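Chain and residue survey
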Amino acid sequence: METGTSGETDRAEWVGLPGGLLRLRRLLLVVWAVPLTAGTALLLGLTAGPAWAALAALWLVAAVWGWVVLGRNWRSWRYAERADDLLISRGVLWRAQTVVPYGRMQLVEVTSGPLERRFGLASLQLHTAAAATDAKIPGLAPDEAQRLRDRLTELGEARSAGL
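These remarks concern the structure in this document. This structure is a prediction, so every number in the text was calculated from the model and none was measured. (Residues numbered from 1 in each chain as written. Predicted model: local features only at pLDDT ≥ 70, side-chain atom pairs only at ≥ 80, totals over all residues. Heavy atoms only, no water.)

Let us now look at the overall build of the protein. The helix and strand inventory of the protein stands at five helices and seven strands. If you list the helices and strands of the protein from N to C, you get β-α-α-α-β-β-β-β-α-β-β-α. Burial status across the protein gives 29% buried among its 163 residues. When contacts within the protein are restricted to residue pairs at least 6 apart in sequence, those whose partners lie at least 24 apart make up 48%. (Helix = DSSP H or I, 4+ residues; strand = E, 2+ residues; numbered from the N terminus. Buried < 20%, exposed > 50% of the residue type's maximum accessible area, 1.4 Å probe, protein only. Contact = heavy atoms within 4.5 Å.)

Counting through the fold element by element, S123 comes out in strand β6 (residues 122-128). Non-local contacts of S123, meaning those with residues more than four positions away in its chain, are made with E109, V110, T111, E116, K136, I137, P138 and G139.

Taken in spatial order, the three strands of this open sheet run β5-β6-β7, and their pairing is antiparallel. In this open sheet, the two strands that pair with only one neighbour each are β5 (105-111) and β7 (135-140). Neighbour-to-neighbour, the strand axes of this sheet turn through a mean angle of 15°, independent of strand direction. Pairing geometry for β6 and β7, over four bridges, is antiparallel. Bridging across to β7, Q125 finds its partner in K136. (Pairing = 2+ DSSP bridges. Axes fitted to C-alpha atoms, helices over the stretch in contact; angles between N-to-C directions.)

Before going further, it helps to spend a moment on the packing of aromatic side chains. Overall, the coordinates contain zero aromatic pairs when judged by the stated rule. Stacked on the ring of W14, the Lys or Arg R78 has its end atom at 4.3 Å from the ring centre. (Phe/Tyr/Trp six-rings, centres within 6.5 Å; stacked < 30°, edge-to-face > 60°. Lys NZ or Arg CZ within 6 Å of the ring centre and 35° of its normal.)

We now examine the environment of Y102. Assignment of secondary structure puts Y102 in the loop between β4 (96-101) and β5. Between the alpha carbons of Y102 and T128 there is a distance of 9.4 Å; along the sequence they are 26 residues apart. Setting aside anything within four residues of it in sequence, one finds Y102 in contact with E81, R82, A83, D84, D85, L86, L152, L155, G156 and R159.

Counting 24 residues, the largest nonpolar core has L86, I88, L124, L126, I137, L140 and L152 as its most contacted members. Every element with two or more residues in this core is listed here: α1 (20-47), β3 (85-90), β5, β6, β7 and α5 (142-160). Broken down by element, this core gets its largest block of residues, four residues, from α5. In this structure L124 touches V108, E109, V110, A135, K136, I137, L140, A145, L148, R149 and L152, once residues within four positions along its chain are discounted. (Core = buried A, V, L, I, M, F, W, Y, C linked by side-chain atoms within 4.5 Å.)

Okay, here's the thing in structure tokens:
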């Protein structure tokens, strides 16, 4: 007795996020790390002495580690449109893959905060009937986010019409 699928399966074509999201997150890392380093060095230098001010370098070590982690995290985000659902995959240590059936989508929205707009980015938020399956794709180009929103809305309406 045969089990499994035979023939060609519906292969997902994965799409990664544009580099603008990585640049934004790394800029925010530097914006926080430099003042923390300078402030810690100044505070420790004035209160405990110059030798203790060297501990401020720990912030720089944390920033270098964060730089690497942000790159790995950014590379882990991807999504794929299939015939009946949208796949979203993310995570480095703890991988997560979310499958959102088109017929279950209730709301698809595109958001873009001030920093995202400055870097030419937008986020796509998918809402379903079950709150636990809400999904988000951050850092998309605004045109791609709007195209994806329109396509998902169209497919969602077509799939839910039979319910």
